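Residue-level listing of the chains:
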Amino acid sequence: MIWQGIVLKRRSTDKLQSWLDYAKSSNGGSYQCQAVDEVKMAVKSIPIMLTAVVYFILFNQMQSTYLLQAERMNLGGQEPGGFQIPAASMQIFCWTIHSFTNAFQELVIFPLLSRMGRRPSPGRFLRIGIGMVLGIAAQIAAAIVEIYRKEDLKETGGFDQIVAGKVYHSAYLSVLYQVPQFLLMGVSSALVVTAGLEYTYVQSPVVLRGLMQGIFLLILGLGGLLASAFVGIVQAITVSDEWYPDEINEGHIDYYLFLLAGLMGLDFCIYLVIVRLYKGSPSITSIEDGSFNHTERRPQEDETVLMPQDKRTNVLKFSMGNS
C-alpha cells in the first residue's frame, strides 16, 4: 500500500491530502478507503512515538549515572556488622512507586473522575506529557544531589568505601538523598510507558496493533542504545574538561544531568507540536467523533477501557522487567 501510494503520486497530476490517498480505489489504487485510512492513522502515530526516544535516554540513567552516583555516596555499614545498602537496590523506590501509580490511577483516580461526571480518565497524550515533565524534574533532582555530593567531598575529604569488592572514594552524604529522583522517575515511567503502550494498542488498526507495539518497544530499546552513544558524544566534546570521566568524582555529572533535562525539555516542546498537529488531522478527528465506519468500534483517545486486562498486566510486567 505504501509503495503503491508513492508510485501513483508520482504518476498522478491530482493533488490529494495525503500521499497514501493515491492508493485508495476511489483514486485509482487497489485498496479500500477504510484500509488506507487505518494505515494513515498508524503512520501519523510514529512521530509521536519517536519523541519517546529522548525520554528513554533519561530512563536509562537509573542503570548508569544514578548507579555511579550511588556508589560514591554513603551507603552505611561502616561499623563492624553494620548493614550496607546495595547501590543498585535504590531502583526499588522507582518500581514500587511505578506499580503504586498504575494501581492508584486504575482504582482511585479514574473511578473518582467518572463519579464526578468528568472524563473517566486523563487522555494518553496528557499522561505522556506529564510523565515527560516529571522525567525532567528527576534529572534536575539528580543534578542537585550531585552538586551537594561534590561539595561534601570538598569540605570533608570523603572516605574510602568498599562496594562489591571495589573501593570508591565516597562522600558522607547519605545515598537516601537519591530517593526523590527515583520516585520521580517511577511516577514518570508509569505514565509514559504504560500510556504509550496503551496508545499503540487502542489507536492502531486491529491488524497493525502487534506491529505498532513492537515499534514502541523498539524505540524503548533504542533509547538504551542511544544513552550509551550520548555519553560517548559528551565525553568527546568535553575532553579538555571532562563532564563524564570514568571516575565521576573528577568530572561534572551535574552538568551532564542538566544537559539531559534541557534536551528533554526541547523534546517535550516538539512533542506538544506533534500532538497538536496529530489531533487536528481530519482523518483522526473522523475516528474520534465516531464517523469512521469500522466493524470494531474504536475506543476514543480518552476512553476508560484502555486495553484488555491481560494486556495491561503484560504492560506492567514489561516495563518493570526493564529495570
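Heads up: the structure comes first, above all this text.
Reading guide: rules and limits
Residues numbered from 1 in each chain as written. Predicted model: local features only at pLDDT ≥ 70, side-chain atom pairs only at ≥ 80, totals over all residues. Heavy atoms only, no water. Helix = DSSP H or I, 4+ residues; strand = E, 2+ residues; numbered from the N terminus. Buried < 20%, exposed > 50% of the residue type's maximum accessible area, 1.4 Å probe, protein only. Contact = heavy atoms within 4.5 Å. Areas by Shrake-Rupley, 256 points an atom, 1.4 Å probe, with all protein chains shown as cover. 1 Å grid on protein atoms, 1.4 Å probe; cavity = no way out; pocket = protein on both sides within 12 Å on 5 of 7 lines; lining within 4 Å. Points joined across faces, edges and corners; volume = space filled by probe spheres on them. Pairing = 2+ DSSP bridges. Core = buried A, V, L, I, M, F, W, Y, C linked by side-chain atoms within 4.5 Å. Patch = residues over 30% accessible without salt bridge, like charges linked within 9 Å, V, L, I, M, F, W, Y side chains within 5 Å. Salt bridge = Lys/Arg side-chain N within 4 Å of Asp/Glu carboxyl O. Lys, Arg positive; Asp, Glu negative; His and termini not counted. Charge placed at Lys NZ, Arg CZ, Asp CG, Glu CD. Expected span 1.5 Å × (residues − 1).

## A look at the overall build of the protein chain
Stage number 1. Helix and strand counts for the protein chain come out as eleven helices and two strands.
Stage number 2. Counted from the first residue to the last, the protein chain has its helices and strands arranged as α-α-α-α-α-α-β-β-α-α-α-α-α.
Stage number 3. Each of the 323 residues in the protein chain was classed as buried or not, and the buried ones make up 46%.
Stage number 4. Looking at the protein chain alone, contacts between residues at least 24 apart form 73% of all its contacts between residues at least 6 apart.
Stage number 5. With an accessible surface of roughly 15,900 Å², the protein chain has 63% of that area assigned to carbon and sulfur atoms.

## A closer look at empty space enclosed by the protein
Stage number 1. Counting across every chain of the model gives two cavities of 30 Å³ or more.
Stage number 2. Size it by volume and the largest cavity reaches roughly 70 Å³.
Stage number 3. Surrounding the largest cavity, Ile48, Met49, Thr51, Ala52, Ile128, Met132, Val192, Gly196, Tyr199, Phe216 and Tyr271 form its lining.
Stage number 4. Breaking the lining of the largest cavity down by element, the ones donating at least two residues are helix H2 (33-50), helix H6 (124-156) and helix H7 (179-202).

## A closer look at the pairing of strand S2 (residues 166-170)
Stage number 1. In this structure, strand S1 (residues 159-163) lies alongside S2, joined through five bridges in antiparallel fashion. What sits directly across from Val163, in S2, is Lys166.
Stage number 2. The hairpin turn running from S1 into S2, its antiparallel successor, is two residues long, and Ala164 in that turn takes a positive phi close to 55°.

## Concerning the nonpolar core
The nonpolar side chains of soluble globular proteins are, as a tendency, buried together.
Stage number 1. Grouped together as the largest cluster of nonpolar side chains are 65 residues, with contacts concentrated most on Phe56, Met62, Tyr66, Tyr256, Leu257 and Tyr271.
Stage number 2. Those elements that place two or more of their residues in this core are H2, helix H3 (52-59), helix H4 (65-71), helix H5 (91-115), H6, H7, helix H8 (209-237) and helix H9 (253-279).
Stage number 3. Apart from residues no more than four positions distant in its own chain, Phe56 is found in contact with Val193, Phe216, Ile219, Leu220, Gly223 and Gly224.

## Some remarks on a negative patch on the surface
Stage number 1. On the surface, Asp241, Glu242, Asp246 and Glu250 cluster together to form a negatively charged patch.
Stage number 2. Tracing the chain through its elements places Glu250 in the loop between H8 and H9.

## Focus: H6
Side chains that are three or four residues apart share a direction in an α-helix, a result of its 3.6 residues per turn.
Stage number 1. Compared with an ideal rise of 1.5 Å per residue, which puts 33 residues at 48 Å, H6 spans 47 Å between its outermost C-alpha atoms and is within 8% of the ideal.
Stage number 2. Just downstream of H6, Gly157 is the residue with a positive phi angle, here 85°.

## So, the environment of Gln178
Stage number 1. Looking at where Gln178 falls in the secondary structure, it is placed in the loop between S2 and H7.
Stage number 2. In sequence terms Gln178 and Glu146 are 32 residues apart; their C-alpha atoms lie 9.4 Å from each other.
Stage number 3. Contact partners of Gln178, with chain neighbours within four places excluded, come to Tyr66, Gln69, Ala70, Met73 and Met90.

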